[in-house]
Amino acid sequence: MGKQRLLQMNELDECRRESYESSRIYKERLKMFHDKTIVRKTFEPHQKVLLYNSRLHMFPGKLRSKWTGPFIVKVVYPYGGVEIENRENGKTFIVNGQRLKPFLENFNRQESSEELIDPLYQDVPSE
C-alpha cells in the first residue's frame, strides 16, 4: 500500500514538472512573437515629433486627432525616455518614447479627381 502511494506521488511530481516546463516554453514563444511585432523608434536631437495624448480617450470624438504637436526633441535618454520642448512656450518635459512618432513636415498630397458615373441611371438603348 505504501509503495503504491509513493509511486502516485512521484507521478504527480513528474506531471507537475512537465506542466511547468510546457508553460515556460509557451511563455518564451509568446514573448518572442510579441518582441517581433514591436517597432523600435529612434529619435535624434532637433527632430520634430508628435505626442500621443491619451487623455482624449475620455472625450470621444471620431475626427479628433489624438496626436498633439509638433514638439522638438532636446535629449534622448537611454531606456526610452525623451526630453521634448514645446515650440509655443519653450517648456521642456520628459516623456516615454513610445508616446512619440516622427512629424512628417514636407508631406505633399497628390490629389486626383475622377468623374464617377452612376450605372443605375444611364439611358438604356431601346430597340
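A brief structural summary.

Here is what the cut-offs are and how they apply
Residues numbered from 1 in each chain as written. Predicted model: local features only at pLDDT ≥ 70, side-chain atom pairs only at ≥ 80, totals over all residues. Heavy atoms only, no water. Helix = DSSP H or I, 4+ residues; strand = E, 2+ residues; numbered from the N terminus. Contact = heavy atoms within 4.5 Å. Areas by Shrake-Rupley, 256 points an atom, 1.4 Å probe, with all protein chains shown as cover. Pairing = 2+ DSSP bridges. Axes fitted to C-alpha atoms, helices over the stretch in contact; angles between N-to-C directions. Phe/Tyr/Trp six-rings, centres within 6.5 Å; stacked < 30°, edge-to-face > 60°. Buried < 20%, exposed > 50% of the residue type's maximum accessible area, 1.4 Å probe, protein only.

## A few points about the overall build of the protein
Broken down by element type, the protein carries one helix and five strands. Along its sequence from the N terminus, the protein presents helices and strands in the succession α-β-β-β-β-β. Here the analysis covers contacts within the protein between residues at least 6 apart in sequence; of these, 42% occur between residues at least 24 apart. About 12300 Å² of surface is accessible on the protein, with carbon and sulfur atoms providing 54% of the total.

## Concerning the sheet that holds strand β2 (residues 67-76)
The sheet built from five strands is open, its strands ordered β4-β3-β2-β1-β5 with antiparallel pairing. Because the sheet does not close on itself, it has two edges, and the strands there are β4 (92-96) and β5 (100-102). Direction aside, the axes of adjacent strands within the sheet are offset by 50° on average. The pairing of β2 with strand β3 (residues 81-86) spans five bridges and is classified as antiparallel. Within the sheet, the bridge partner assigned to Val73 lies in β3 and is Ile84.

## Structural notes on the packing of aromatic side chains
Note on aromatic pairs: each is described by the distance of the centres and the angle between the planes. Going through the model one piece at a time under the given rule, you end up with two aromatic pairs. Where Tyr52 meets Trp67, the ring centres are 5.2 Å apart and the plane angle is 65°; that geometry is what we call edge-to-face. Remark: Trp67 occurs in strand β2 and Tyr52 occurs in strand β1 (residues 48-52); sequence separation between them is 15 residues. On the basis of relative accessible area, Trp67 is assigned to the partly exposed category, the value being 29%. Where Phe71 meets Phe93, the ring centres are 5.9 Å apart and the plane angle is 80°; that geometry is what we call edge-to-face.

## What to know about unusual backbone geometry
Omega for the bond connecting Gly69 with Pro70 falls within 30 degrees of zero, at 15°, which places this linkage in the cis form. Position of Pro70 relative to the elements: it lies in strand β2. Phi at His46 takes a positive value of approximately 70°, unusual for a residue other than glycine. Following the sequence through the fold, His46 ends up in the loop between α1 (2-37) and β1.

## Thoughts on the pairing of β2
Bridge count for β1 against β2 is four bridges, and the pairing is antiparallel. Among the inter-strand pairings, Leu51 is bridged to a residue of β2, identified as Thr68. Hairpin geometry of β2 and β3 is characterised by an intervening segment of four residues between the two adjacent antiparallel strands and by a positive phi of about 65° at Tyr79.

These figures come from the coordinates and say nothing about function on their own.
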